[in-house]
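An overview of the molecular structure
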Amino acid sequence: MITVDCRSIPSLKSPLAVYTSDQVGAIPALKIHQFVLAPVSDEDVDSTRVIKAIKDFLNSLSIEKHFAVIQNKNVISIIALDDFKLEAPPMQATDQFFSCVHCGHVTQFETVHNNHMKIHYL
């Protein structure tokens, strides 16, 4: 299991957990200031893939230069390098996740969920 500390980016914790778990193939569990990635099978979660997914996520938001991703054993921390303030995204009606009833795939995006469901009916 790998713990990702998100104290520097609290407003991005949930979307980052969803994105990272999708990229790595792990099961996320949200905590107050962090999330934990548990392996689906007996194999451990690859920390280098987790770090790459986190950096890709930050890069997609064009904020990668404001944060460092540091690993210490099984804890990966996202550290603010400057006093960059994240603007809180507008609150949606619900912070919902879509879960596949067949295999447990979890995503925050309805279109991704709908496309995923189609593979079970091919």
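Criteria and thresholds
- Residues numbered from 1 in each chain as written.
- Predicted model: local features only at pLDDT ≥ 70, side-chain atom pairs only at ≥ 80, totals over all residues.
- Heavy atoms only, no water.
- Pairing = 2+ DSSP bridges.
- Helix = DSSP H or I, 4+ residues; strand = E, 2+ residues; numbered from the N terminus.
- Axes fitted to C-alpha atoms, helices over the stretch in contact; angles between N-to-C directions.
- Parallel < 35°, antiparallel > 145°, perpendicular 65-115°, else oblique.
- Left-handed = near helix turned anticlockwise from the far one by under 90°.
- Contact = heavy atoms within 4.5 Å.
- Phe/Tyr/Trp six-rings, centres within 6.5 Å; stacked < 30°, edge-to-face > 60°.
- Buried < 20%, exposed > 50% of the residue type's maximum accessible area, 1.4 Å probe, protein only.
- Salt bridge = Lys/Arg side-chain N within 4 Å of Asp/Glu carboxyl O.
- Core = buried A, V, L, I, M, F, W, Y, C linked by side-chain atoms within 4.5 Å.

Next up on the list: the sheet that holds strand β2 (residues 26-30). One open sheet accounts for five strands, arranged β2-β3-β1-β5-β4; its pairing is mixed. Two strands close off the open sheet at either side, each with one partner strand: β2 and β4 (67-72). Each adjacent strand pair in this sheet contributes to an overall mean axis angle of 20°, direction not counted. For β4 and strand β5 (residues 75-80), the ladder comprises six bridges, and the chain directions are antiparallel. Looking across to β5, one finds that Asn72 is bridged to Val75.

The subject of this paragraph is the packing of helix α1 (residues 13-24) against helix α2 (residues 47-60). Taken N-terminus to C-terminus, the directions of α1 and α2 make an angle of 130°; their axes are 9 Å apart at the nearest point. Between α1 and α2, the crossing angle belongs to the class labelled oblique. Crossing handedness for the pair α1 and α2: right-handed. Counting all contacts with α1, which are made through Pro15, Leu16, Tyr19, Thr20, Gln23 and Val24, the residues of α2 involved are Arg49, Val50, Ala53, Ile54, Asp56 and Phe57.

Overall, the coordinates contain one aromatic pair when judged by the stated rule. Relative to Phe57, the ring of Tyr19 lies with its centre 5.7 Å away and its plane at 45°, an arrangement referred to as tilted. Of this pair, Tyr19 sits in helix α1 while Phe57 sits in helix α2, placing them 38 residues apart in sequence. Take Tyr19: its relative accessible area is 27%, and that puts it in the partly exposed class. On the basis of relative accessibility, which here comes to 9%, the residue Phe57 falls in the buried class.

So, on to the pattern of salt bridges. For side chains of opposite charge, pairing can occur when their charged atoms come near one another. Counting across every chain of the model gives two salt bridges. With a closest N to O distance of 3.5 Å, Asp5 and Arg7 form a salt bridge. A residue is classified by how much of its surface remains accessible, and Asp5, at 15% relative accessible area, is buried. Classification of Arg7 by relative accessible area gives exposed; the value is 54%.

Our next topic: the pairing of strand β3 (residues 34-39). When strand β1 (residues 2-5) meets β3, the two strands line up antiparallel, connected through four bridges. Directly across from Val4, in β3, lies its bridge partner Phe35. Pairing analysis gives five bridges linking β2 to β3, with the strands arranged antiparallel. For Leu30, the partnering residue across the bridge sits in β3 and is Phe35. Counted along the chain from β2 to the antiparallel partner β3, the turn is three residues long.

With that settled, consider the nonpolar core. In this structure, Val4, Leu16, Val50, Ile54, Leu58, Ile76 and Ile78 are the most contacted members of the largest nonpolar core, which totals 22 residues. Breaking this core down by element, the ones donating at least two residues are β1, α1, β3, α2, β4 and β5. In terms of residue count, the dominant contributor to this core is α2 (five residues).

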